[in-house]
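# Geometric and topological summary
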Amino acid sequence: MLHEITFSSFNQRDTVYGWVYVPAAKPVGIIQLIHGFGEHSRRYLHMITSFMEAGYIVAADDHVGHGKTAIENNAWGDWGDKGFETMVNDEKTLHDIVAKMYPDVPYYMFGHSMGSFIARMYMARFGEDLAGVTICGTTGVWPNLDANIAVVQKLVDEGKGAESDPSLGGQFMGWMFARCPEGVKLGNEWICDDAYVQNDHAADPFDAFTKPTTNGAWLYFMQMMKDITGEEWAKKVPANLPIYNIAGDQDPVGQYGTGVYQCANWLSDTGHDVTTVLYTGYRHEIHNYSDIKDDVEQGIILFFDSTRL
């Protein structure tokens, strides 16, 4: 069964579009799936299907400025003007809707890339909602974060928040291609070394990857990362929340493993139960590599299953 749902965004402007995928079986839990920057939730259909086959209801939306939400609101790359907590509050709204639809089952969360940043914000604000979390392709201390925030804050302060500067993406993220020997052709080589995945990602009409991002949205994106940096963030996460932290060791978002372990150490050092798995030789989208995606998905399922034993 598939439900399409809509709700009003925290930004007080957009209508958010989401979907609830329900298996034809008694559900063992709900997994709220949070997609990353410049993409949309239906890029995860393989994962969603695997979760459903394991008995999980899956809830997912397209963030403001992304996917169907962006198309229906005519707001590609524009997150509104209500601050960097817009997306985490939208995810809270989705949680509350789905938990009311299907009460009395454990509620889990999976977030990839920016989705992992949102999940980490959620853990610190609303962690009591959750029985377990998987963060995938997450980050530690983002390079040059404070300097980049200052650059884009200046643009916003000058009244240019709704404008788009095409040079900012390269300025903020160009270093992420350092370990891509094939060079930069499409501009997304860092996600996966499979040309099919790269081309599919670049050509996807629901992808915001090729659309401009507003200066204000860039500011919110970087403020998200600032919000989840360090032990001060980790201390806000419920100590009894099980956390599964996975990534490729060639993923620049996780600083090739260093940032992934930074995140794990912040959590471990503040008394949390965190399991970290790095997939050797793989870049950012470990769930889109044909040779390991089944293993990645089964690892998540087994982790969530283990929380109910």
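Structure: above.
Residues numbered from 1 in each chain as written. Predicted model: local features only at pLDDT ≥ 70, side-chain atom pairs only at ≥ 80, totals over all residues. Heavy atoms only, no water.

## Focus on the packing of helix H5 (residues 145–157) against helix H8 (residues 215–227)
When two helices pack together, you describe them by how their axes are tilted relative to each other and by the distance separating the axes. Defined as follows: Orientation is described by axes fitted as lines to C-alpha atoms, over the contacting stretch for helices, and by angles from 0 to 180 degrees between their N-to-C directions. Secondary structure elements follow DSSP: runs of H or I of four or more residues count as helices, runs of E of two or more count as strands, with numbering from the N terminus. By the definition adopted for this analysis, an angle is roughly parallel if under 35 degrees, roughly antiparallel if over 145, roughly perpendicular if from 65 to 115, and oblique otherwise. Left-handed describes a crossing whose near helix is turned anticlockwise from the far helix through less than a right angle; right-handed describes the clockwise counterpart. Should any heavy atoms of two residues lie within 4.5 Å, those residues are considered in contact. Here the nonpolar group is Ala, Val, Leu, Ile, Met, Phe, Trp, Tyr, Cys and Pro; Asp, Glu, Lys and Arg are the charged ones; every other residue, Gly included, is treated as polar.
At a minimum axis separation of 9 Å, H5 and H8 run at an interaxial angle of 150 degrees. On the basis of the axis angle, H5 is roughly antiparallel to H8. Regarding H5 and H8, the two cross each other, and that crossing is left-handed. Taken together, the residues of H8 that come into contact with H5 (itself represented by Leu145, Asp146, Asn148, Ile149, Val152, Gln153, Leu155 and Val156) are Asn215, Gly216, Trp218, Leu219, Met222, Gln223, Met225 and Lys226. Tallied by class, the residues present in the contact of H5 with H8 amount to nine nonpolar, five polar and two charged.

## Here we look at H8
What sets the pattern is the α-helix's 3.6 residues per turn: residues three or four places apart point alike. Heads up, the condition is: One fewer than the residue count of a helix, multiplied by 1.5 Å, yields its expected span. Only protein chains enter the accessibility calculation, which uses a 1.4 Å probe; a residue whose area is less than 20% of its type maximum is buried, one above 50% is exposed, and one in between is partly exposed.
Taking 1.5 Å of rise per residue, the 13 residues of H8 would be expected to cover 18 Å, and the 18 Å separating its terminal C-alpha atoms lies within 8% of that figure. Counting buried residues along H8, 11 of its 13 residues qualify, which places the element largely inside the surrounding structure. For H8, the elements touching its buried residues are helix H3 (86–101), helix H4 (114–126), H5, helix H6 (168–173) and helix H9 (231–234).

## Considering the nonpolar core
What tends to happen in soluble globular proteins is that the nonpolar side chains get buried as a cluster. Counted only if it meets this: By nonpolar core we mean a set of buried residues, namely Ala, Val, Leu, Ile, Met, Phe, Trp, Tyr and Cys, connected to one another through side-chain atoms within 4.5 Å.
Judged by nonpolar contacts, the single largest core of 92 residues is most densely connected at Leu33, Phe51, Trp79, Met222, Trp233 and Ile300. Counting residues per element, this core draws most heavily on H4, at nine residues. Those residues in contact with tryptophan 233, other than ones at most four positions away along the chain, are Arg120, Met121, Met123, Ala124, Asp227, Ile228, Cys263, Trp266 and Leu267.

## Topic: the sheet that holds strand S4 (residues 56–62)
The criterion, for reference: By definition, two strands form a pair when at least two bridges between them are found by DSSP.
On the basis of which strands lie adjacent, the open sheet formed by eight strands has the order S1-S2-S4-S3-S5-S6-S7-S8 and mixed pairing. The open sheet has two free edges, formed respectively by strand S1 (2–8) and strand S8 (274–279), since each of these has just one partner strand. Here the strands of the sheet are splayed against their neighbours by 20 degrees on average, with no regard to which way each runs. Where strand S7 (residues 243–248) and S8 come together, six bridges link them in parallel fashion.

## Focus on the side chain of aspartate 204
Quick reminder of the rule: The charged-residue count follows a simple rule in which Lys and Arg add positive charge and Asp and Glu add negative charge, with His and chain termini not counted at all. Any carboxyl oxygen of Asp or Glu within 4 Å of a side-chain nitrogen of Lys or Arg constitutes a salt bridge here. Two N or O atoms count as a polar contact when they lie within 3.5 Å, although within protein this holds only if one can serve as hydrogen donor and the other as acceptor, and sequence-adjacent residues are included solely when both atoms are side-chain atoms.
On the secondary structure map, aspartate 204 appears in the loop between helix H7 (195–203) and H8. Buried charge without a partner: aspartate 204 forms no salt bridge, and the closest opposite charge is arginine 43, 4.7 Å away. At 2.9 Å, the side chain of aspartate 204 forms a polar contact with the backbone nitrogen of phenylalanine 206. With near-sequence residues (within four places) excluded, aspartate 204 lies in contact with His40 and Arg43.

## Some details on helix H1 (residues 45–53)
This is how it is decided: Regarding the arc, it is the one traced by the directions from the helix axis to the C-beta atoms.
Taken together, the buried positions of H1 are Met47, Ile48, Ser50 and Phe51. Taken end-on, H1 shows its buried residues confined to a sector of 160 degrees, consistent with a single buried face. Buried positions along H1 lie against strand S2 (15–21), strand S3 (29–34), S4, strand S5 (107–112) and helix H11 (293–306). With its phi angle positive at about 100 degrees, glycine 55 sits one or two positions after the end of H1.

## Some words on unusual backbone geometry
The residue glutamine 12 is not glycine, and still its phi comes out positive at about 60 degrees. Phi is positive for glutamine 255, which is not a glycine, with a value near 50 degrees. Turning to its location among the elements, glutamine 255 is positioned in the loop between S7 and helix H10 (258–269). Looking at glutamine 255, the relative accessible area reads 14%, which means it is buried.

## A word on a negative patch on the surface
Applied cut-off: Patches in this entry comprise residues that are over 30% relatively accessible and not in a salt bridge; like charges within 9 Å are linked, as are nonpolar side chains (Val, Leu, Ile, Met, Phe, Trp, Tyr) within 5 Å. To be clear on the numbers: accessible area is Shrake-Rupley with a 1.4 Å probe, and residue cover counts the displayed protein chains and nothing else. In plain terms, the charge of a residue is placed at NZ if it is Lys, CZ if Arg, CG if Asp and CD if Glu.
Judged by side-chain charge, Asp193, Asp291, Asp294 and Asp295 come together as a negatively charged surface patch. Within the secondary structure layout, aspartate 294 lies in helix H11.

## So, the packing of aromatic side chains
As a reminder, the rule being used: Think of it this way: a Phe, Tyr or Trp ring, Trp meaning its six-membered ring, pairs with another when their centres are within 6.5 Å, and the plane angle makes it stacked under 30 degrees, edge-to-face over 60, tilted otherwise. Two conditions define a charge sitting above a ring: the NZ of Lys or the CZ of Arg must be within 6 Å of the ring centre, and it must be within 35 degrees of the ring normal.
Within this structure, the stated rule accounts for 15 aromatic pairs. Ring centres 5.9 Å apart and planes at 80 degrees place the aromatic pair tyrosine 56 and tyrosine 108 in the edge-to-face group. Within this pair, whereas tyrosine 56 is found in strand S4, its partner tyrosine 108 is found in strand S5, the two being separated by 52 residues in sequence. In textbook terms, an aromatic cluster arises when at least three aromatic residues are bridged by ring pairs, as seen for Phe37, Trp79, Phe117, Phe172, Trp218 and Phe221. If you follow arginine 179 out to its NZ or CZ, it ends over the ring of tyrosine 256, 3.8 Å from the centre.

## Topic: the state of the cysteines
So the rule is basically this: By definition, disulfides here are pairs of cysteine sulfur atoms that lie within 2.5 Å.
Following the criterion strictly, the structure yields zero disulfides and no others. The cysteine cysteine 136 is free of any disulfide, with cysteine 192 supplying the nearest cysteine sulfur at 12 Å.

## Details of the pairing of S7
Note the threshold: For a crossover, the right-handed case is the one in which the path from the first strand over the helix to the second runs clockwise, viewed with the strands pointing away from the viewer.
With six of six residues buried, S7 lies mostly within the body of the structure. Here S7 shows no split at all, with Ile243, Asn245 and Ala247 on one side and Tyr244, Ile246 and Gly248 on the other all buried. Bridge count for strand S6 (residues 132–136) against S7 is four bridges, and the pairing is parallel. Looking at the pairing, isoleucine 135 lines up with asparagine 245 of S7. Note on the crossover from S7 through H10 to S8: the handedness is right-handed.

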